[in-house]
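Residue-level structure breakdown
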Protein chains: 2
Amino acid sequence: MLASIISIGDELVLGQTLDTNSAWLSQRLAAVGVDISSHHCVGDSQADIARVIRETSNVVDAIIVTGGLGPTDDDLTRQALADVLETPLELNQPWLDHVKAYFEKLGRVMPEKNQIQAMIPAGAKMLWNNNGTAAGIHATIAHRFDRTRPPRQVDVFVMPGVPKEMKGMFDRDVFPHLQSRGGGAVILQKMLHTFGVGESTVAEQLGDLMHRGRNPRVGTTVSGGIVSLRIGARYDNLAAAESQMLDTVQRCHAALGDLIFGEDTQSLHGVVGEMLKQSGETVAVAESCTGGLLAKYLTDLPGSSSYFQGGWLVYSNEMKAQELGVDPKLIEQQGAVSEPVAEALAKAARQRAGTDYALAVSGIAGPDGGTATKPVGTVCIALSHSRGTDVRTFVFPGDREMVRDRSAKMALTLLRYRLAGKSLPF
Amino acid sequence: MLASIISIGDELVLGQTLDTNSAWLSQRLAAVGVDISSHHCVGDSQADIARVIRETSNVVDAIIVTGGLGPTDDDLTRQALADVLETPLELNQPWLDHVKAYFEKLGRVMPEKNQIQAMIPAGAKMLWNNNGTAAGIHATIAHRFDRTRPPRQVDVFVMPGVPKEMKGMFDRDVFPHLQSRGGGAVILQKMLHTFGVGESTVAEQLGDLMHRGRNPRVGTTVSGGIVSLRIGARYDNLAAAESQMLDTVQRCHAALGDLIFGEDTQSLHGVVGEMLKQSGETVAVAESCTGGLLAKYLTDLPGSSSYFQGGWLVYSNEMKAQELGVDPKLIEQQGAVSEPVAEALAKAARQRAGTDYALAVSGIAGPDGGTATKPVGTVCIALSHSRGTDVRTFVFPGDREMVRDRSAKMALTLLRYRLAGKSLPF
């Protein structure tokens, strides 16, 4: 089964926005054995959109279109699809009622413009959108190249360009349809995630597991400091794929040990949150350079109030002294970015909040503030717990955003190891 | 003049690599008045590459191809181009000599495989590569749709996929050629950003400005709740483009007023941070449901310590009472998510931190915790300042992440209006 992906939007062809939707869709499609013929980005032109859908439909079995379903005059995907199908657009009453009810709930009247978002080509199927006001569309183009054979069916799925809306719609309605049409080889994919050491260190520890010809194949990819293993198994039956996948996953765990914190859609903060929920313990924070990011991670999960008590954003030295009682002389002598200050912050936060754990982060996120002995990227992280305080100093590479993000993730990692009764292996 | 961009590589269609080359090329092309019809990503298949070049050549005046010029068996762009041109590949001796000399300088003999990188279609022009071993190609496809008129010329430029090699080659050889063919159209682009009302409301307020045929053209796009106006002006001289752009920007400002918070690369938190730097004033926060996200935004900017003092993460009711003195009875009577509690938090934060402003956010981010009168998404935001406290209640749509993000952005918006001496217009 062969598919192409078409992304619509002037911002894409003008180079103002990167087409991340197509990459995400490709990965999803590969997982069910669908081959990708091509990606296309087309501007907000009805004729261009229709032309590319037509050309692509000559070659593939399925076309995934994203974008151009907004309520404004430059959203023309549904009109272009109607052109290709040679059918008029029709109002989908259930969707219109849904959108009207949505606006009503927000205490507003649906703007007239939003009505277009309930229009779909006659004969096509409406796809539900749980995250926005644009309905998706599933249509079929029937090609009859040869009168002696049944017409070839090309599935066309049109989804909103907003990634969240697109992903929800794809996973619920489009993916199962393609999976049922797919057939053939079984492809299983799995991701294992690590944080703390670099990609080349992970690769060295994996050794032969990363050989190119191997099946299941093991590759690495890095995003936001998280080094992930991509494992792909391709076999002609599910049983073989599953048992070989299991074997390779076990070998990866043996090679990397506790460096692996989770798999697939699991996040570092999600794993730490779950560990806290399970242990019934609580945490507080005292953040300087991360400025709220660590707490943001800890509260990303629904139900985080069961383990996250709160904290202090001690950005200024006055706040460090006034709110958490850090001796101004200590700050003066050791510097705000020092292990004694981080330790004092963590201890005070744990005591004041009455929690089992408290994390403190003080560092130099840059671009200014670095010195010869404490360059930009120097970050002290302390974890106060019932048996003492763990304190570590790191020097993170990268810009302000990276230093802040790696600091928060390292603080979470310190807590993850402590919750498992272990200390950092690096 | 109309162009399309084609990127070659399995890693692109498999979604393992984002196509950043096309975005870069689009921006460069737009700057000399070349319109972009489309982007295409095609895998390492000679037939697919040839097909997309052929299809695209029917529509545009120039095709920019990147990738597939490496020395290995899956690099097939030059062969595909030769197919389209219906000419054989020929050895380019000057380039071969250059590559051989390059390897010699490194003390190595050129691997046999690299010879293919000196092959270009007969009649095509070789493009020099200062940063690698693959020669580029400039060919012309002549379309003769109508015998009574001269054939239409489509320029095809093929460049390596390695960004550094591609960019060097483009700027030296391809850009000047396109500029000379461009016919002098000047295209200017500008973005204006708003936050607070939906895309359809922005579109309604813009009215005729969004008409499709208008020049400069005005479109809208949404990302993270930020509704942005894209303005594109196309004229045959710079003076006209600049004056018309200025006129349209002014009209947009007249239509939307203070809803517009910034332009082009400016962010909401960046604008608010700059306003605070300029006024020399300071801010603190008391965050409940946003759990640090508001402070994270306020500290994203280098130098934020000049205006951000710190704050309290009062996630639990105990923290609200203990750290910021909110009367537990008030919380019991009104609920933690209520305007009186938000107001009390903001006032106490401002007083304790000794800042000019303090923002407090208390809400129900979900998915749990909603009630009939206070559904998920209900968020109370208070801003304490020298002349009193502004308090507002919002109901934000979407999931936990969206509710938290919109809450933080709305808090920043409240502060932005106050810093300008105004109150929210919605």
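Summarised in this report is the structure supplied together with it. (Residues numbered from 1 in each chain as written. Chains lettered and ligands numbered in written order. Predicted model: local features only at pLDDT ≥ 70, side-chain atom pairs only at ≥ 80, totals over all residues. Heavy atoms only, no water.)

Some words on the nonpolar core
Core analysis: the largest hydrophobic core is formed by 118 residues, its most contacted members being Leu294(A), Phe308(A), Leu415(A), Leu206(B), Leu294(B), Phe308(B) and Leu415(B). Sequence-distant contacts of Phe308(B), defined by excluding residues within four places in its chain, comprise Leu313(A), Tyr315(A), Val283(B), Val285(B), Ala295(B), Leu298(B) and Thr299(B). Formed by 45 residues, the second largest nonpolar core is a distinct cluster that contains Ala358(A), Ala360(A), Ala382(A) and Ala358(B). (Core = buried A, V, L, I, M, F, W, Y, C linked by side-chain atoms within 4.5 Å. Buried < 20%, exposed > 50% of the residue type's maximum accessible area, 1.4 Å probe, protein only. Contact = heavy atoms within 4.5 Å.)

Describing the pattern of salt bridges
Following the criterion strictly, the structure yields 43 salt bridges over all chains and no others. Between Asp390(A) and Arg418(A) there is a salt bridge; the shortest N-O distance is 3.0 Å. Residue Asp390(A) is found in strand 17 (residues 388–395), and its partner Arg418(A) is found in helix 14 (residues 400–419); the two are separated by 28 residues along the sequence. Arg418(A) sits in the buried class, given a relative accessible area of 17%. Overlapping salt bridges, with partners in common, bring together Asp10(A), Glu11(A), Asp44(A), Asp74(A), Arg217(B) and Arg230(B) in one network. (Salt bridge = Lys/Arg side-chain N within 4 Å of Asp/Glu carboxyl O. Helix = DSSP H or I, 4+ residues; strand = E, 2+ residues; numbered from the N terminus.)

What to know about the side chain of Asp405(A)
Residue and element names in this part refer to chain A. By the secondary structure assignment, Asp-405 is in helix 14. On the accessibility criterion, Asp-405 (12% relative accessible area) is buried. Of note is the side chain of Asp-405, whose polar atom sits 2.4 Å from the side chain of Tyr-297. Ignoring sequence-local partners within four residues, the contact set of Asp-405 consists of Gly-224, Leu-293 and Tyr-297. (Polar contact = N/O pair within 3.5 Å; in protein donor to acceptor, adjacent residues only side chain to side chain.)

As for unusual backbone geometry
Residues and elements named next belong to chain B. A cis amide bond, omega -5 degrees, links Asn-215 with the succeeding residue Pro-216. Unusually for a residue other than glycine, Asp-264 sits at a positive phi of about 50 degrees. Residue class for Asp-264 comes out partly exposed when judged on its relative accessible area of 33%.

Here's the deal with the packing of helix 9 (residues 268–279) of chain B against helix 14 (residues 400–419) of chain B
All names here are of chain B. As a packed pair, helix 9 and helix 14 sit with axes 10 Å apart at the nearest point and diverge in direction by 35 degrees. Crossing of helix 9 over helix 14 shows left-handed handedness. Mapping the contact onto sequence places Leu-268, His-269, Val-271, Val-272, Met-275, Leu-276 and Ser-279 in helix 9 and Lys-409, Leu-412, Thr-413, Leu-415, Arg-416 and Leu-419 in helix 14. Residues that form the contact of helix 9 with helix 14 fall into these classes: 8 nonpolar, 3 polar and 2 charged. (Axes fitted to C-alpha atoms, helices over the stretch in contact; angles between N-to-C directions. Left-handed = near helix turned anticlockwise from the far one by under 90°. Nonpolar A, V, L, I, M, F, W, Y, C, P; charged D, E, K, R; others polar.)

Points about the packing of aromatic side chains
Here the structure, examined in full by the defined rule, presents 12 aromatic pairs over all chains. Arranged with centres 5.7 Å apart and planes meeting at 80 degrees, the rings of Trp24(A) and Phe170(A) form a pair that is edge-to-face. Here Trp24(A), found in helix 2 (residues 20–31), pairs with Phe170(A), found in helix 6 (residues 163–182); they are 146 residues apart in sequence, far enough to count as distant. This pair shows no difference in class: Trp24(A) is buried, exactly as Phe170(A) is. Judged by centre distance (4.9 Å) and plane angle (90 degrees), the ring pair of Trp95(B) and Trp128(B) falls under edge-to-face. Placement of the pair is Trp95(B) in helix 5 (residues 93–105) and Trp128(B) in the loop between strand 6 (125–127) and strand 7 (136–143), with a sequence separation of 33 residues. The buried category is assigned to Trp95(B), whose relative accessible area is 0%. In textbook terms, an aromatic cluster arises when at least three aromatic residues are bridged by ring pairs, as seen for Trp24(A), Phe170(A) and Phe175(A). (Phe/Tyr/Trp six-rings, centres within 6.5 Å; stacked < 30°, edge-to-face > 60°.)

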